[in-house]
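Remarks on the overall topology
One-letter residues, chain by chain:
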Amino acid sequence: MKSILALSLLSTSLYAQTSMELDSIVIRGTKEQKKYNETTSSISVIKNDDFKAGTIDNSINSLNGVSNVQINKNGESYSIRGINNTGVTGVQKDNLASTIIDDVFQSDLAIRAGVFDLWDLDGIEIHRGGQATTQGINSLAGTILVNHKEPSFFREGKLRLGYGSFDRKEAAVMTNNEIIPGILTSRITYNKDASDGYIKNVTTKNDKWGRKNKDAARASFLYQISDNDKLIFDLKMFRNSTGGTYVQGTDPFKHEVLEDIDYKNKAHNAQGSIRYYKKVNEDFSNTLIVAFSKSKQEVSSDADGTKNNLAGLRTEDYKDQMMTLENLLQYKSGKISNTLGFNLHNYKLNDYHHFNVMFPLGGTNYALIDAIQAQKNLKTVYSLFDSFTYDFTEEHSLNLGLRLEYVVNEYKTFLYGVRNGNYGGSNTTIDNYVAGIIGDHGDENKKLMALPKLGYVYHLNANNDFGLSYSQAYRNGGVSVNRRRGTASNYDPELTHNYELSQKYNDKTFNISTNIFYTNWKKQQVQVRVVQNDPYDSSIKNASSSELYGAEVQGGVKILSRHHLGASVGYVATKFLNFKSGSTNYAGKEFPNAPKYTGLISWKSEVTDNLSVGVIGRLLGQSWANAENTKRAPNQYYIDLNAEYVFSSYGIEVYTKNLFDKDYLIYDGTPTSTAFPGTYHQVSTPRELGVRLTYNW
């Protein structure tokens, strides 16, 4: 707790977000039409113009280092307040944090297809801590919201071409056109981002092994029915083809892999949504959102991860389909404001894995089992939620919230295996093992959750606000299959109790906010291994409890109207309270991918009317790379720069990422078992340089 107090005392000299007058910004993620200073949550509001240097990546990597936010393994996942969104001890089907783009929830497959795209961006909101009362399922750690610009009733357009290191090529266009004056308008965007990458396969002689090739297209239409009614139609398509991000060999900074089969990943997503906004009268308004999404991913890789053909080819196929409907009835009059919401969410996921299992026979000997694992998951969520705010006086506000959520989870798993070869006297042992795991496994899991929230805000004056809140958040239960033993078992929802103190100050040239939090995590879902070094001999169980506490400080200042300084810093301490897996006792150990300190500092300067310069520095403190706390990720420091010169309708931008070309081993993937001989290191991305040309009309 001493670290939190020290962090709070530093707050007068730290600045995070450079958007001035935050009290005028309506926070979309709360679904309550609240302004920034009326919330108690820890929220980062990043407008497009404020984060120019951060968009070099055009991906979620641009958020790396924002207070208590870390992007893990080069974009594979992300952590908020030390909680990895894909799971603390192992990847699960349901996430711990949610990603919402243009008011629509995005699945993991959709994100892999490239939906996190920053072209034609309006802004980003990062909500830290449990958001279950308004966001519901899969928001235990927090929520990231990405909002793109809506169609407008005038003609405009933008074209961007770019070239950079590793043969990176960019081509993007946006055109906004009024179709029927004052009634119908459209905004069409397309973004192409391709690169050869910096990793080569020395075995297959493929120097583009780490390639990426992404296409993102969006067609948005706004239909202004009347002064009080409007419809927004969105149609989107994404295609993303990538190689791998890991490296192998004795020197990971050579950026080489040794596998005799190249890693290939192809993902696609198509989605559409309708948003209907209606102002009923001066007090009531209503928002209806209907969305549909469909994704597909195909992955092929080397099953053993070595230069020798030990286990052959591994293939994975994923398909998902999502439909969601949400209605928000909002009331605001005098001292009372209220949001009453209903949400229906239906999600289907099918995945199919075909690979050879390396069955240990003792020492370095193994047998191959030709294995198939197919899974089907159908999840339906019904939610009713309400958030009520009462302003007792101009200084005191009370917020009461409750969400009732009923979840139906259906899981089916099919396991098949056959011995792939003759292993003499071991044949019987292998065949008996295979006979014990093959077959169908499945179950249905139903649960009703009640998720309360209580908040209080004290408005000291026009610039200062203080708050405190209590809330609960959860991740739903499910069914887990032990692939080594062929058994299935249910696990229950996990629940967090969240306590938070907040401070917010804002005026025309300066803003600062501080949040101090404590989270108690009950019935935590963790991966429990029967045999420590065998990930197949494991299942998900409610076998842990934990706690985390920390703080965020962020703010910004405008200097002489042309210069903006922003900074943020985060601190989090995580700890398993009781958790045992295999022969390892995790009690007292920290979460993986949970750096105690994170920080970001940004400087934007309008040198002249035509020239602007931006600098972003990022800090990621030491963290453990595994739950056993035996592998460390080091302190990391990065500097990104960009400069843009604008003349007439044209602009030219130059940028560099990782200016000092820092090399960090961010994950040590040295094998721990002879049954899994592959090495999968993750290292920091080398320095990148690039140039972009833009044309506006």
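All values reported here derive from a predicted model rather than from experimental measurement. (Residues numbered from 1 in each chain as written. Predicted model: local features only at pLDDT ≥ 70, side-chain atom pairs only at ≥ 80, totals over all residues. Heavy atoms only, no water.)

With respect to helix α4 (residues 427-437)
Those residues of α4 that fall on the buried side of the exposure criterion are N427, I430, Y433, V434 and I437. Across the axial projection of α4, the buried residues extend over an arc of 135°, all falling on one side. Those residues of α4 that are exposed and angled more than 90 degrees off the buried face are T428, N432 and A435. Considering only its buried residues, α4 is in contact with β19 (336-362), β20 (365-391), β21 (396-419) and β22 (439-459). One or two steps after α4, the chain reaches G439, where phi turns positive at roughly 130°. (Buried < 20%, exposed > 50% of the residue type's maximum accessible area, 1.4 Å probe, protein only. Helix = DSSP H or I, 4+ residues; strand = E, 2+ residues; numbered from the N terminus. Arc of directions from axis to C-beta. Contact = heavy atoms within 4.5 Å.)

Digging into the packing of aromatic side chains
Working definition: an aromatic ring pair is given by the centre-to-centre distance plus the angle between the planes. Inspection of the entire model under this criterion finds 23 aromatic pairs. Aromatic pair Y571 and Y597: ring centres 5.1 Å apart, planes at 50°, arrangement tilted. Residue Y571 is located in strand β29 (residues 563-578), and its partner Y597 is located in strand β32 (residues 597-606); the two are separated by 26 residues in the primary sequence. Consider the rings of F576 and Y586, whose centres lie 6.2 Å apart with planes at 75°: the pair is edge-to-face. Here Y586 lies in the loop between β31 (584-585) and β32 and F576 lies in strand β29, a separation of 10 residues in the sequence. Residues F576 and Y586 agree in their burial class; the two are buried. Of note, R81 hangs over the ring of F517, and the distance from its end group to the ring centre comes to 3.8 Å. The ring of Y318 has R112 lying over it, and the distance from NZ or CZ to the ring centre is 5.6 Å. (Phe/Tyr/Trp six-rings, centres within 6.5 Å; stacked < 30°, edge-to-face > 60°. Lys NZ or Arg CZ within 6 Å of the ring centre and 35° of its normal.)

Observations concerning unusual backbone geometry
In this model, K73 sits at a positive phi of 50°, which is unusual for a non-glycine residue. Mapping K73 onto the fold places it in the loop between β2 (69-72) and β3 (77-80). Residue classification places K73 among the partly exposed residues on the basis of a relative accessible area of 24%.

Details of the sheet that holds β2
One open sheet accounts for three strands, arranged β2-β3-β4; its pairing is antiparallel. Looking at the sheet topology across the chains shown, the edges are occupied by β2 and β4 (83-84). (Pairing = 2+ DSSP bridges.)

Quick word on the nonpolar core
By size, the foremost hydrophobic cluster in this structure holds 51 residues, and its most contacted members are L63, I83, I124, I126, I144, W521 and F591. With four residues, the top contributor of residues to this core is strand β27 (residues 510-529). Filtering out sequence-adjacent residues up to four positions away, F591 remains in contact with G82, I83, V88, W521, Q524, S546, L548, T574, K575, F576 and W624. One finds A367, Y433, V434 and I437 within the second-largest nonpolar core, a separate group that totals 11 residues. (Core = buried A, V, L, I, M, F, W, Y, C linked by side-chain atoms within 4.5 Å.)

Focus on the side chain of Q297
Relative to the elements of secondary structure, Q297 occurs in strand β17 (residues 284-302). Given a relative accessible area of 5%, Q297 falls into the buried group. At 2.8 Å, the side chain of Q297 forms a polar contact with the side chain of N265. When neighbours within four sequence positions are excluded, Q297 is seen to be in contact with L109, R112, N265, K266, A267, E316, D317 and Y318. (Polar contact = N/O pair within 3.5 Å; in protein donor to acceptor, adjacent residues only side chain to side chain.)

Any functional reading would require information beyond the geometric quantities listed.
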